[in-house]
Amino acid sequence: MEALKQHVLPVLQSRGIQVPSYARTGAPGVLHLGLGAFHRAHQALVFDALLQAGDLRWGVLGVAMHNPAVADTLAAQDGLYVVQIADHVSTRWQVPGAILGTCVAARERHLVAQAISAAQTRWITLTVTEKGYTPALADLIVEGLAARQQAGLGGLTLASCDNLSHNGDKLKALCLQSAQKQANMPHWIESCCVFPNSMVDRIVPASTPLRRAAAADALGCEDGAALGTEGFWEWVIEDRFCDPGDAACLRQAGVNVVTDVAPFEDAKLRLLNASHSAMACIGAVAGLHVISDGIQNPDIHTFIHDLMTQEVGPQLRRTDWAEYRDALLTRFANPSLQHSVHQIATDSSQKIPQRWVPSVLGAFEKNLSFERLAFAAAAWIRYLRGVDDGNVAYAVNDPMASSLQKIATACGADANQATQVLARLIPIWGEVLPGHRAWVKLIARWLDCINHTGILAALSELNQITARAASARTIHGETRPDSSQSKS
Ligand code: CS2
């Protein structure tokens, strides 16, 4: 079967597949760092829509940070790949054309600096994952910015799109730190570049052989980079651009340009991503493979619904959080995503600080229940043992995996000992939680139950306890959210 290439686009179009009809020959105006699935099925489609509408400034140079596989596959396919956009009721296929070229930062560093300092470059966007925000990343960007400054060119809009709170501010701080090494650079960056905070949302699982086989069927040609995603997408970005006209362009493509991203980012991290991480750890230990299987289990569904309703939602500034929650429960159940729990559990030590910790602190402050958050923490500790309730071993992928697994394995089924060490790690839990006795005790209580009964039976017990407490509150005429924790 021949490979997906520019010249097969007319054939694909005749099969009803949406393809780019603009000239894909211009110089890219956007440099994207982090060529993972997310960018290719989210922002690349927004840029594709802008290009399709005739604004040719939004072509992308896609930079893979280390792994050359995707960059090289895309290069061999003229930057093209198909995205299957599907939910419970409909499926469509689209080939976005925004990626005009690719390279690999670890292999072709000079090309990255060259692109950052090219006259036509206007934006840098980033999806380098939580662990990617390192001084080395900033050095790479600042090297290019310095060449730009020396060439007498204007600054850039640098948009971090990773699941970090205040992602733009974090990127700016890192870049300014790196720029200290060069006279004038901090000042130039401060005065010429902007770093809008942004929230991006779309569930995009990693590409699988199954997805690529389905794509080959639909396309009639081979696509080594085919992806699947859901219909839903959201991009909320702070109105802070080098070129103020970009706000109107992005709005035309459906992007929400706002003055304050924080309420959106908070709701997304603490509802969607927090639930994802909880389901990932629970699912992995229960031996489930994908999120849609997990959410079909009534106990997992109740747990996730109540986690969002009782413990997290009431803390949020996004006023439509209940609708967002309901939409999420439907999105999690999307059967065509096949989103692996192990993929989401990857790098949990880097994700928990944004996803769970602020909600636990908020629950203390607002006198809300933190029982389900403690259960999630216990599920993560249990997950670290690397073997599920059916005795099947799995790999724990995490930058801290070797030390975390050593502790989890040494503690075995001793819930108290495991909690005393793993719930007290400041880089993960921050300064406050490790010293909060009720929180740590509750984790140990649920971990002990998980160790003895298995995770799904423990979850069912938690749901029964909280349901009994809720009906007792109803009898007493109380309508406020749950604030009690179970007694050990
Ligand atoms: C997921 C996210 O892998 C993960 O950790 O929680 O990638 C999630 O699918 C996206 O943030 C959805 O917008």
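In this numbering scheme, every chain counts its residues from 1 along its sequence in written order. Note on the predicted model: pLDDT of at least 70 is required for a residue's local features to be given, and 80 or more for side-chain atom pairs to be given and counted; whole-chain, interface and lining totals, by contrast, use all residues. Side-chain metrics in this entry use all non-hydrogen atoms of the structure; hydrogen atoms and water are not considered.

Draft legend 1. Geometry of the domain arrangement of the protein. Looking at the protein, the domain boundaries give domain 1 (6-258) and domain 2 (263-475). Listed as interface residues are 26 residues of domain 1 and, on the opposing side, 26 residues of domain 2. A buried area of about 2100 Å², summed over both sides, lies between domain 1 and domain 2, and 55% of it is on carbon and sulfur atoms. Any Lys or Arg side-chain nitrogen found within 4 Å of a carboxyl oxygen on Asp or Glu counts as a salt bridge. Arg 355 is paired through a salt bridge with Glu 130; the nearest N and O atoms lie 3.5 Å apart. Any pair of N or O atoms that falls within 3.5 Å is considered a polar contact. Within protein, one atom must be able to donate a hydrogen and the other to accept it, and sequence-neighbouring residues count only if both atoms are side-chain atoms. Run the count over domain 1 and domain 2 and you get 14 residue pairs in polar contact (both at pLDDT 80 or more). Working definition: helices are DSSP H or I runs of at least four residues, strands are E runs of at least two. Numbering for both runs from the N terminus. No other element matches strand β8 (residues 198-201), which puts three residues into the side of domain 1 that touches domain 2. Side-chain classes are defined by residue name, with Ala, Val, Leu, Ile, Met, Phe, Trp, Tyr, Cys and Pro counting as nonpolar, Asp, Glu, Lys and Arg as charged, and the others, Gly among them, as polar. Residues belonging to the side of domain 1 that touches domain 2 are distributed by class as follows: 11 nonpolar, seven polar and eight charged. Domain borders in the structure are assigned automatically or taken from a domain database. Residue contacts are counted whenever heavy atoms from the two residues lie within 4.5 Å of one another. Buried area is a sum: the accessible area each of two parts loses on coming together, probed at 1.4 Å, counted once for each and added.

Draft legend 2. Seen up close, the packing of helix α13 (residues 298-312) against helix α18 (residues 371-383). Here an angle of 0 to 180 degrees is reported between the N-to-C directions of two axes, which are lines fitted to C-alpha atoms, with helices fitted over the stretch in contact. The interhelical angle for the contact between α13 and α18, taken along N-to-C directions, is 130°, at an axis separation of 9 Å. The orientation of α13 with respect to α18, classified from their angle, is oblique. Here Phe 303, Asp 306, Leu 307, Gln 310 and Glu 311 of α13 lie close against α18, whose contacting residues are Glu 371, Arg 372, Leu 373, Phe 375 and Ala 376. Here is the rule for angles: anything less than 35 degrees is roughly parallel, anything more than 145 is roughly antiparallel, 65 through 115 is roughly perpendicular, and the remaining ranges are oblique.

Draft legend 3. View of helix α22 (residues 437-453). Multiplying 1.5 Å by the helix residue count minus one yields the expected span of that helix. End to end, α22 covers 24 Å across 17 residues, agreeing with the expected 24 Å (1.5 Å per residue, within 8%). Looking at α22, one finds that the buried residues are Trp 439, Val 440, Leu 442, Ile 443, Ala 444, Arg 445, Trp 446, Leu 447, Cys 449 and Ile 450. Looking at the packing, one finds that the buried side of α22 touches α17 (357-366), α18, α20 (415-422), α21 (426-429) and α23 (455-475). Following α22 by one or two positions, Gly 454 adopts a phi angle in the positive range, close to 95°. When accessible area is computed with a 1.4 Å probe and restricted to protein chains, residues below 20% of their type maximum are described as buried, those above 50% as exposed, and intermediate ones as partly exposed.

Draft legend 4. Layout of the sheet that holds β8. Here, any two strands with at least 2 DSSP bridges between them count as paired. Spatially, β8-β10-β11 is the arrangement adopted by the three strands of the open sheet, whose pairing is mixed. In this open sheet, the two strands that pair with only one neighbour each are β8 and β11 (256-258). Taken pair by pair, the neighbouring strands of this sheet meet at an average axis angle of 15°, ignoring direction. Relative to strand β10 (residues 234-238), β8 runs antiparallel, the two being bridged by four bridges. Its bridge partner being in β10, Met 199 is matched across the sheet by Val 236.

Draft legend 5. Broad picture of the site of the ligand. Taken together, Asn 163, Val 200, Asp 201, Arg 202, Lys 268, Leu 272, Asn 273, His 276, His 339, Ile 344, Lys 351 and Arg 355 make up all the residues around the ligand. In the environment of the ligand, an oxygen atom lies 2.8 Å from a nitrogen or oxygen atom belonging to the side chain of Asp 201. A 1.4 Å probe and the Shrake-Rupley method give the accessible areas. Residues count as covered only by the protein chains that appear here. For the ligand, the protein covers 89% of the area, taking 340 Å² as the surface of the free molecule. Elements supplying a minimum of two residues to the shell around the ligand: β8, α11 (262-286) and α16 (348-355). Counting residues per element, the shell around the ligand draws most heavily on α11, at four residues. Residues belonging to the shell around the ligand are distributed by class as follows: three nonpolar, four polar and five charged. Here the shell around the ligand gathers at least three residues from each of two domains, domain 1 (6-258) and domain 2 (263-475). Each residue is tested against the molecule or strand, and it is near if at least one of its non-hydrogen atoms lies within 4 Å.

Draft legend 6. Highlighting the packing of aromatic side chains. Put simply, two rings from Phe, Tyr or Trp (the six-membered ring, in Trp's case) pair if the centres are within 6.5 Å, and we call them stacked under 30 degrees between planes, edge-to-face over 60, tilted for the rest. Here the structure, examined in full by the defined rule, presents 11 aromatic pairs. For the ring pair Phe 47 and Trp 58, a centre distance of 5.6 Å and an interplane angle of 15° mean the geometry is stacked. Taken together, the residues Phe 47 in helix α3 (residues 43-52) and Trp 58 in the loop between α3 and β2 (60-64) connect sequence positions 11 residues apart. By relative accessible area, which is 0% here, Phe 47 ends up buried. A cation sits over an aromatic face here: Arg 40 above Tyr 81, 5.5 Å from the ring centre. Only when the NZ of Lys or the CZ of Arg is both within 6 Å of the ring centre and within 35 degrees of the ring normal is a charge said to sit over the ring. The ring of Trp 446 has Arg 445 sitting right over it, with the charged end atom 4.0 Å from the ring centre.

Draft legend 7. The packing of α13 against helix α14 (residues 321-332), seen in detail. As a packed pair, α13 and α14 sit with axes 10 Å apart at the nearest point and diverge in direction by 160°. Here α13 lies roughly antiparallel to α14, going by the angle between them. Remark: the crossing between α13 and α14 carries right-handed chirality. In this structure, α13 uses His 301, Ile 304, His 305, Met 308 and Thr 309 to contact α14, whose residues at the interface are Trp 321, Arg 325, Leu 328, Leu 329 and Phe 332. Of the residues assigned to the contact of α13 with α14, the class counts are six nonpolar, three polar and one charged. When the near helix sits turned anticlockwise from the far one by under a right angle, the crossing is termed left-handed; a clockwise turn instead gives a right-handed crossing.

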